[in-house]
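Per-entry structural report
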Amino acid sequence: MAVAEGASALGIIDLNPEAAEAALEPARVAGIPIAFAACDIRTAPAAHEAFDRIAAALGRVDTLVNSAAIYPRKPILEITDADWDASNAINVKGTYHMMVAAVRHMQAQEVKDRVRGRIVNITSVDAFKAHPQNAHYAATKAAVVSLTKSMAHAVAPDGILVNSVAPAGMATEKARELGFLGELAKASPLGRGGEPEEMAEWVLMAGGPRNTYMTGENIIVSGGYIYA
């Protein structure tokens, strides 16, 4: 969708080269510059080096979208230290490391239409509802909502906008593979899980050139699930 909306370049940081290549294919077909960096974002040096590689390959980075996360399920009384550490390391620390790398790059950029750069963090509606079946995941996503607000406040004087988008369950290929579509449909007042494109619209709105003023906000895209 970013390509269809006019993205001039596209870079992906991922542990899975095959998934990244598939996601970059529309940009490749469109003939716009692309870049990929393999990285485990749990440590600051690795995350910053990967971001710098993408920035060096593409030049100006206008938007960072943080979507890396793990989604473990385990009864709330059985969550181990290892479970907590893994969820925090990827979902919270990794998001933080990538934001710091992006901010440092964006602070040196010229202002374009009042903005130096935009960051969009993917959180979850789970941050706002009780989820005893995956409490550690929900807790990390609540942390990302808070972290988004704090970073937005810190970098507002630099003209960098930081927001988050909180979807409910989306009908992704992974959800289909795991047999979650029925569960998603039952949970939603609309009777279905959202299509990935229906969330992407809001990510592009928050992270695209039409957003010149919104920062520190969390956009909930839940199909009414948040109120159910």
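Notes on the structure in this doc start here. (Residues numbered from 1 in each chain as written. Predicted model: local features only at pLDDT ≥ 70, side-chain atom pairs only at ≥ 80, totals over all residues. Heavy atoms only, no water.)

Thoughts on the pattern of salt bridges
Note the cut-off: Definition used for salt bridges: Asp or Glu carboxyl oxygen within 4 Å of a side-chain nitrogen of Lys or Arg. The helix count covers DSSP runs of H or I at least four residues long, the strand count covers runs of E at least two residues long, and both are numbered beginning at the N terminus. Type-normalised accessible area, obtained with a 1.4 Å probe on protein chains alone, sets the label of each residue: buried when under 20%, exposed when over 50%, and partly exposed for intermediate values.
Tallied over the full model, the rule gives 11 salt bridges. In this structure, Asp62 engages Lys112 in a salt bridge whose closest nitrogen and oxygen atoms are separated by 3.6 Å. Of the two residues, Asp62 sits in the loop between helix H2 (44-58) and strand E3 (63-66) while Lys112 sits in the loop between helix H3 (81-107) and strand E4 (117-122), which places them 50 residues apart along the sequence. Taking relative accessible area as the criterion, Lys112 reaches 46% and is therefore assigned partly exposed. Residue Lys74 pairs with Asp83 through a salt bridge whose shortest N-O separation is 2.7 Å. The network of salt bridges with shared partners includes Glu21, Glu25 and Arg28.

Thoughts on the environment of Pro75
Relative to the helices and strands, Pro75 is located in the loop between E3 and H3. Its relative accessible area of 44% is what places Pro75 among the partly exposed residues. Separated by 48 residues in the primary sequence, Pro75 and Ala27 have C-alpha atoms spaced 41 Å apart.

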